[in-house]
Amino acid sequence: MLAYRAPLADLRFSLDLVAPNLHRLPGMEHADPSTVDELLAEFGRLCTAVIAPTNPVGDREGQMVDTATSTIRTATGFKEAYRAYVDGGWGAVAASPSYGGGGFPHTVGLAISEMLESSNIAFALCPMLTQGSIDALTHWGSESQRERFLAKLVAGEWSGTMNLTEPDAGSDVGALRTRATRASDGTWRITGQKIYITWGEHDLTENIIHLVLARVDGAPPGTKGISCFIVPKLLVDAEGGVGARNDVRVVSTEHKMGLHASPTCVLAFGDGGEGAIGELIGEVNDGMRVMFTMMNNARLAVGQHGPALAERAYQLASSHALSRVQGRVVGSSDPAAPIAGHPDVRRMLFTMRAYTEAMRHLIFLNAVAIDESRALSDETERGRAQERADLYTPLSKAWCTDLGNEVTSLGVQVFGGMGFCEDTGAAQLYRDVRIAAIYEGTNGIQALDLIGRKLGMRNGDVVRELLDEIRRCADQLPPYLSTPLLTAVDASERTSAWLLKNGRTEPRDAMAGATPFLRLLATTVGGWLMARQYRAVEGSDDVARRATAEFFLTQLVPQAVALEAQVTAGAGVLDGVSDALLAGR
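The following refers to the structure shown. (Residues numbered from 1 in each chain as written. Predicted model: local features only at pLDDT ≥ 70, side-chain atom pairs only at ≥ 80, totals over all residues. Heavy atoms only, no water.)

### Overview of the overall build of the chain
Operational definition: Comment: elements are numbered from the N terminus, with helices defined as DSSP H or I runs of at least four residues and strands as E runs of at least two. Burial here depends on accessible area, computed with a 1.4 Å probe over protein chains only, as a share of the maximum for the residue type. Under 20% is buried, over 50% is exposed, and the range in between is partly exposed. In what follows, residue pairs with any heavy atoms lying within 4.5 Å of each other are defined as contacts. The Shrake-Rupley method, run with a 1.4 Å probe, gives the accessible areas here. Residue values count only the displayed protein chains as cover. None of His or the chain ends enter the tally, which takes Lys and Arg as positive and Asp and Glu as negative. Charge placement uses NZ in Lys and CZ in Arg. For Asp and Glu, CG and CD serve respectively.
Each helix and strand in the chain was counted, giving 20 helices and 12 strands. Each principal axis of the C-alpha atoms in the chain carries an extent, and together these give about 80 × 60 × 55 Å. Within the chain, the proportion of its 585 residues that are buried is 57%. Considering only intrachain contacts with a sequence separation of at least 6, the fraction spanning at least 24 residues in the chain is 75%. Counting only carbon and sulfur atoms, one obtains 52% of the accessible surface of the chain, whose full area is about 23300 Å². Here the chain contributes 54 positively and 69 negatively charged side chains, and the mean placements of these two sets differ by 3 Å.

In structure tokens form, the structure reads like this:
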């Protein structure tokens with residue numbers, strides 16, 4: 001596989017485009033561009049030299065589970081790579097200084113995360129889940145819990161997991177059966193089984209802190225009766241010291257399409273006796289609020305799988321296309337030329353590059369809104385920033401992961417038959433990114449969240465204000481670029497109004513149009529961001545970024561407009577097809 005190159009110039013351009021005033025936020029003064037550039041450059045060197053080489057090794061070796069000892073051995077080089085990551089303090093960059101963090105903006109943390117995910121996405125999932133645990137404990141943990149757990153998690157000495165899914169409770173979390181019983185000492189005993197637990201057991205850290213959803217005795221049914229518990233692999237005493245092994249064991253790991261080096265575990269709580277010892281975080285029956293703190297972080301982080309693996313796929317595909325000689329390029333006298341000269345290959349490469357840049361801009365735009373919602377001094381401005389963050393999150397998660405699938409697939413196509421073989425690395429990227437559209441809330445659920453919760457914020461004004469801003473930007477473009485973007489804005493406005501109306505009167509019709517609407521709105525937002533890219537380089541010698549922006553606006557944005565018919569079609573045809581299928585016709 002071609003060596004990974006950290007895209008430092010592209011990261012800096014994207015940060016300048018959507019976050020030029022990040023270091024002017026209260027408390028973020030130390031995140032000036034030169035300091036951030038030094039951070040990114042140093043981490044890029046670590047990714048290139050240490051972490052990226054473990055990616056193909058991990059894919060080949062996977063991980064080895066020993067159920068007798070309830071341990072997992074990670075792939076060759078993972079322990080050393082993780083130690084280098086921890087010793088450099090990289091997991092702590094965006095964490096609170098109160099617990100040993102660097103206090104940098106969430107946006108900077110995501111810029112670091114993109115390089116980590118591009119280098120080795122299976123490896124990156126371990127610190128990603130830990131960050132979710134940090135967020136949940138910071139927001140919901142008691143003072144004692146924060147003091148005992150956060151410093152070790154921030155430092156990377158311990159890792160964290162989230163335990164939601166059970167065999168009969170996937171997207172329907174409220175169906176979970178794991179039980180929590182209060183003990184006489186004030187702790188809880190957790191019994192049950194969880195599945196699909198990412199990095200649920202491993203040998204990289206001394207301890208693993210599981211955040212587990214369970215139902216206490218007498219709790220109401222459904223999600224209203226769910227509580228959240230801290231269940232460490234090794235028990236933690238009042239001073240934060242590590243003690244005996246808790247009653248948590250790995251039953252098995254999944255054999256997966258991709259992410260072979262990431263242990264996806266079945267965990268049993270309480271198989272060995274009275275139950276695994278846990279402590280309540282937050283209040284009884286308040287577990288979904290705690291877990292959504294983790295999930296909202298994870299949804300943006302998973303959304304970043306899209307641009308991260310798309311970047312890696314583009315690096316591989318473009319390098320191959322420039323060196324692979326095959327056939328005569330029409331209009332050239334050379335009997336054999338690199339395939340990058342063929343129009344269809346150029347179309348694929350342009351599509352890969354354009355989507356990658358638009359996705360990166362959207363992820364950072366989302367992160368900036370989160371930073372502003374936390375740091376701005378004015379309460380009204382913080383609220384408006386939180387609205388934008390809430391609106392962008394389902395777009396980031398669903399659109400970017402869908403495109404991650406499409407871009408890595410194009411990467412395989414550029415390689416041709418060689419891409420279908422494992423030697424190039426293109427197939428691994430395609431396999432690894434496929435899960436991103438499924439976990440942390442399937443993309444269909446993201447679309448329902450968009451129309452059910454986000455579209456109606458302030459009676460639809462949040463979306464309308466965003467579309468008005470996009471319209472103002474489009475008006476400043478040349479007509480050949482403004483026309484497709486304005487057409488997409490018009491379609492987004494019409495479909496938004498249709499969904500707001502039918503969501504109240506005919507909710508099934510609105511739900512049927514949710515997924516195409518998310519694609520339509522996200523592509524429109526992507527077009528806006530690429531329009532801003534065009535304006536940023538207009539008149540400069542940055543031919544590549546200008547051409548990529550033009551391609552996105554003229555070739556990709558028009559595809560979104562065709563989705564309007566799908567959004568407003570209603571559920572009738574879907575129900576008819578489903579009935580026919582169920583009847584066996």
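### Quick word on the pattern of salt bridges
Rules: Should a side-chain nitrogen of Lys or Arg be within 4 Å of a carboxyl oxygen of Asp or Glu, the pair is scored as a salt bridge.
Considering all chains together, one arrives at 33 salt bridges under this definition. Among the ionic pairs, K233 bridges to E201, the shortest N-O distance being 2.9 Å. Of this pair, K233 sits in the loop between β7 (227-232) and β8 (234-236) while E201 sits in the loop between β5 (188-198) and β6 (207-216); the two residues are 32 residues apart in sequence, bridging distant segments of the chain. For E201, a relative accessible area of 4% gives the class buried. Where salt bridges share partners, they join R384, E387, R458 and E465 into one cluster.

### A closer look at the side chain of E166
Put simply, the rule reads: Think of a polar contact as two N or O atoms within 3.5 Å of one another; within protein, one of them needs to be a possible hydrogen donor and the other a possible acceptor, and neighboring residues in sequence only count if both atoms come from side chains.
Structurally, E166 can be placed in the loop between β3 (158-163) and β4 (179-182). Here R177 takes part through its backbone nitrogen, which lies 2.7 Å from a polar atom of the side chain of E166. Among all residues touching E166, those that are not within four sequence positions of it are L176, R177, T178, Q193, K194 and I195.

### Here's the deal with the packing of helix α10 (residues 343-375) against helix α17 (residues 514-537)
Formally: Here the axes come from fitting lines to C-alpha atoms, over the contacting stretch only for helices, and the angles between their N-to-C directions go from 0 to 180 degrees. Note on terminology: angles under 35 degrees are roughly parallel, angles over 145 are roughly antiparallel, angles of 65 to 115 are roughly perpendicular, and the others are oblique. Each residue is assigned to one class: nonpolar for Ala, Val, Leu, Ile, Met, Phe, Trp, Tyr, Cys and Pro, charged for Asp, Glu, Lys and Arg, and polar for all the others, Gly among them.
For the pair α10 and α17, the least separation of the axes is 9 Å and the interaxial angle reads 95°. Judged by the inter-axis angle, α10 sits roughly perpendicular to α17. Side by side, α10 and α17 meet where A354, Y355, E357, A358, H361, L362 and L365 of the first sit next to R519, V525, G526, W528, L529, M530, R532 and Q533 of the second. Within the contact of α10 with α17, the residues separate by chemical class into nine nonpolar, three polar and three charged.

### Some thoughts on the pairing of strand β11 (residues 264-269)
The line we're drawing: Paired strands, as defined in this entry, are two strands with at least two bridges between them according to DSSP.
In terms of residue burial, β11 counts as a mostly covered element, since six of its six residues are buried. Burial along β11 is two-sided: the residues T264, V266 and A268 and C265, L267 and F269 are all buried. Alignment of strand β10 (residues 248-253) against β11, held across five bridges, turns out to be antiparallel. Paired with V250 across the bridge in β11 is L267.

### Details of the side chain of T548
The topology assignment puts T548 in helix α18 (residues 543-561). Ignoring sequence-local partners within four residues, the contact set of T548 consists of F350, R353, A354, E357, M530 and Q533.

### With respect to the packing of aromatic side chains
Using the following cut-off: To pair, rings of Phe, Tyr and Trp, with the six-membered ring standing in for Trp, must have centres within 6.5 Å; the planes then decide the type, stacked if under 30 degrees apart, edge-to-face if over 60, and tilted in the middle. Only when the NZ of Lys or the CZ of Arg is both within 6 Å of the ring centre and within 35 degrees of the ring normal is a charge said to sit over the ring.
For the structure shown, the criterion picks out 11 aromatic pairs. With a centroid separation of 6.3 Å and an interplanar angle of 65°, the aromatic rings of F43 and Y85 are classed as edge-to-face. Placement of F43 in helix α2 (residues 33-51) and of Y85 in helix α4 (residues 78-87) is noted, with a sequence separation of 42 residues between them. Each member of the pair F43 and Y85 is classed as buried. Between R532 and the ring centre of W528, over which it is positioned, the NZ or CZ distance is 4.9 Å.

### Focus: helix α6 (residues 121-140)
For the record, the criterion: Multiplying one less than the number of residues by 1.5 Å gives the expected span of a helix.
The end-to-end C-alpha separation of α6 is 28 Å, in line with the 28 Å expected for 20 residues at 1.5 Å each. For α6, the tally of buried residues reaches 16 of 20 residues, placing the bulk of the element in the interior. The residue sitting at the N-terminus of α6 and contributing the capping side-chain oxygen is N120; that oxygen lies 3.2 Å from the backbone nitrogen of A122.

### A short note on unusual backbone geometry
The phi dihedral of Y196 falls on the positive side, at around 60°, and the residue is not glycine. Examined against the element boundaries, Y196 turns out to sit in strand β5. In this structure Y196 comes out as exposed when scored by relative accessible area, which is 51%. With a phi close to 55°, N459 is a non-glycine residue in the positive phi region. Of the residues examined, N459 reaches a relative accessible area of 67% and is grouped as exposed.

### Remarks on the packing of α2 against helix α5 (residues 106-119)
Defined as follows: Note: crossing handedness is left-handed where the near helix turns anticlockwise from the far helix by less than a right angle, and right-handed where it turns clockwise.
Contact geometry of α2 with α5 gives a least axis separation of 10 Å together with a crossing angle of 15°. Considering the angle they form, α2 stands roughly parallel to α5. Between α2 and α5 the crossing geometry is right-handed. Contact residues: V36, L39, L40, F43, G44, C47 and I51 in α2; V108, A111, I112, M115, L116 and S119 in α5. Residue composition of the contact of α2 with α5, grouped by class: 11 nonpolar, two polar and no charged.

### A word on a nonpolar patch on the surface
What counts, and what does not: A patch consists of residues exposed above 30% relative accessible area that lack any salt bridge, with like charges linked at up to 9 Å and nonpolar side chains (Val, Leu, Ile, Met, Phe, Trp, Tyr) linked at up to 5 Å.
Residues V573, L574, V577 and L581 make up a contiguous nonpolar surface patch of about 380 Å² in total accessible area. Mapped onto the elements of the fold, V577 is located in helix α20 (residues 572-582).

### A look at helix α13 (residues 443-454)
Looking at α13, one finds that the buried residues are N443, Q446, A447, D449, L450, I451 and K454. Residues of α13 that are buried sit in contact with α8 (287-303), α11 (379-415), α14 (461-474), α15 (479-505), α16 (507-512) and α17.

### Some points on the pairing of β4
Alignment of β4 against β5, held across four bridges, turns out to be antiparallel. Counted as the bridge partner of R182 is W188 from β5.

### Considering the environment of E254
Mapped onto the fold, E254 is located in the loop between β10 and β11. Along the sequence, E254 and L429 sit 175 residues apart, while their C-alpha atoms lie 19 Å from each other. Beyond its immediate stretch of four places on either side in the chain, E254 contacts Y196, T264 and V266.

### Observations concerning the state of the cysteines
Cut-off, in case you're wondering: We call a pair of cysteine sulfur atoms a disulfide when they lie within 2.5 Å.
Scanning the model with the defined rule gives zero disulfides in all. Unpaired in this structure, C47 has its nearest cysteine sulfur neighbour in C126, at a distance of 15 Å. Take C47: its relative accessible area is 0%, and that puts it in the buried class. Its sulfur unpaired, C126 is 11 Å from the next cysteine sulfur, which belongs to C265.

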